[in-house]
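Next come the chains, spelled out residue by residue.
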Amino acid sequence: MSAPSGTKVVLQCVSGRMVWTQDRLRDRQRVLHWDLYRSSPDYVMERVVDMFSGPGGDQRIYNSYNTGRVSLSRKAFKDGNFSLVIKDVTMNDRGLYSCNLHHLYCHLYETVKVQLNVTKSRRKEQKFWDGQKAVFVVLLGSSVVLPCINRRSVWTDWSSHEEDQQVVHWDRQSRGVLHDRADRLVDLYASGEQRSYGPLFLRRKMNISGHAFAEGDFSLTISDLQPADEGVYSCHLHHHYCGLHERRQFQLRVEPAATPTQAARALPSEDKDPEPPRVINVILPDQRHYFLLPVGYVLTSCLLLAFIVLIILLITRRRKRKEPRPREPRPCASTRWSGSESSSEEMQMEASGMEASGMEVSVREEPVFDYKNNLLKEKVQRTSQPGVLHKEMEKFAK
């Protein structure tokens, strides 16, 4: 918590529990009761006996069959011996016994368990610990004492000594100081005694109400707060009788004193009405890396645009491949001779056709053939020789 310098602060430490507020009543009501759990045949739990911590030590036995057979010591809440005595043990007494102690004022509960088995043979009588409870094996018809002893002061009679009362104390732990070396500020006992520690000025500014244990308000009041009063304050509640302890911590920070300032007042204008102030609201994102978001949007847009351009290029390229291409005519000069007889006959028919028409044969250039070897060249020359000789013989006959 924080408070300005020069003010008064109250560190709240309040507990309305009866154990802290009604100690003056000396109400120490305690109850003892023994229970029996039968494992067979009905598997039931039954109350055996009760005893209260009143002056008479009243006992209440629940089953008339146990009257005169079951008993407790009337000084149990004085000497702490809460053992159960059973006379003339029968087979019906077998089972798991539990000794239960209840402290209504301190809210304490303790339980002790004892297993009782009955035998007809004296040689089988024994007592042992099974790891969780004591086990008694007794002879049929004999007497047995089931132990339950607790001599703590909380279960015995109340004494009025100072160490058995409640006490509250406040500690302050300055910066850099361990909690076990904190400074003690004030102690207050349930009897009303109060002890303050430290210099005089410190004792005057820190105090606790004298009616703390009557009201349950153990708050610490600090007046004229100064920067030197900063630290960790601890409120400790101890109940020596019940063995209880409660702790509360407060972190105190002192802020500089606030100086009152007068707000500037604007003079009213007689000519025109004052214009309302213009307010611009700027909303900043809470994330630290908010500047990366616009960059991510730009990169995403660029990637999407590049993907669209790539798709357009692929579609254009496919269309060009599907368009038909014009076929180029094969040149006669590049015709290759295969050397077959059909080629020679075609040449003779062309020569004879030209002579029959009576057209002059112009001197043509000898076609250039691409021969694979000399044998094919010679074969072509032989096939062309007969046509020339035939023409010469016709001229000679004329």
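Structure's up top.
Predicted, not measured: the structure shown is a model, and the values here were computed from it.

Calculation rules
- Residues numbered from 1 in each chain as written.
- Predicted model: local features only at pLDDT ≥ 70, side-chain atom pairs only at ≥ 80, totals over all residues.
- Heavy atoms only, no water.
- Helix = DSSP H or I, 4+ residues; strand = E, 2+ residues; numbered from the N terminus.
- Buried < 20%, exposed > 50% of the residue type's maximum accessible area, 1.4 Å probe, protein only.
- Contact = heavy atoms within 4.5 Å.
- Areas by Shrake-Rupley, 256 points an atom, 1.4 Å probe, with all protein chains shown as cover.
- Disulfide = S-S within 2.5 Å.
- Pairing = 2+ DSSP bridges.
- Axes fitted to C-alpha atoms, helices over the stretch in contact; angles between N-to-C directions.

1. Topic: the overall build of the chain
Logical step 1: Each helix and strand counted, the chain has seven helices and 19 strands in total.
Logical step 2: Taken across its 398 residues, the chain has 29% of its residues classed as buried.
Logical step 3: By sequence separation, contacts in the chain at least 24 residues apart represent 55% of the contacts at least 6 residues apart.
Logical step 4: Entry remark: accessible area of the chain is about 29700 Å², with carbon and sulfur atoms responsible for 54%.

2. Some details on the state of the cysteines
Logical step 1: For the coordinates displayed, the defined rule picks out one disulfide.
Logical step 2: Here C99 is linked by a disulfide to C148, with a sulfur-sulfur distance of 2.1 Å. Between C99 and C148 the disulfide shows an S-S torsion of about -70°. By sign, it is left-handed. With C99 in strand β8 (residues 95–103) and C148 in the loop between β12 (144–146) and β13 (166–173), the pair connects residues that are 49 residues apart, well separated along the chain.

3. A look at the sheet that holds strand β3 (residues 30–37)
Logical step 1: Across the sheet, seven strands lie side by side as β5-β4-β3-β8-β9-β11-β10; this open sheet has mixed pairing. Unpaired on one side and paired on the other, β5 (59–61) and β10 (126–129) mark the two borders of the sheet. Across the sheet, the mean angle separating the axes of adjacent strands is 20° when strand polarity is ignored.
Logical step 2: Bridge count between β8 and strand β9 (residues 108–119): nine bridges; the pairing is antiparallel.

4. What about the pairing of β10?
Logical step 1: Judged from the four bridges that link them, β10 and strand β11 (residues 134–139) form a sheet pairing that is antiparallel. Looking at the pairing, K127 lines up with F136 of β11.
Logical step 2: The hairpin formed by β10 and β11 contains four residues between the paired strands, and G131 there has a positive phi angle of roughly 105°.

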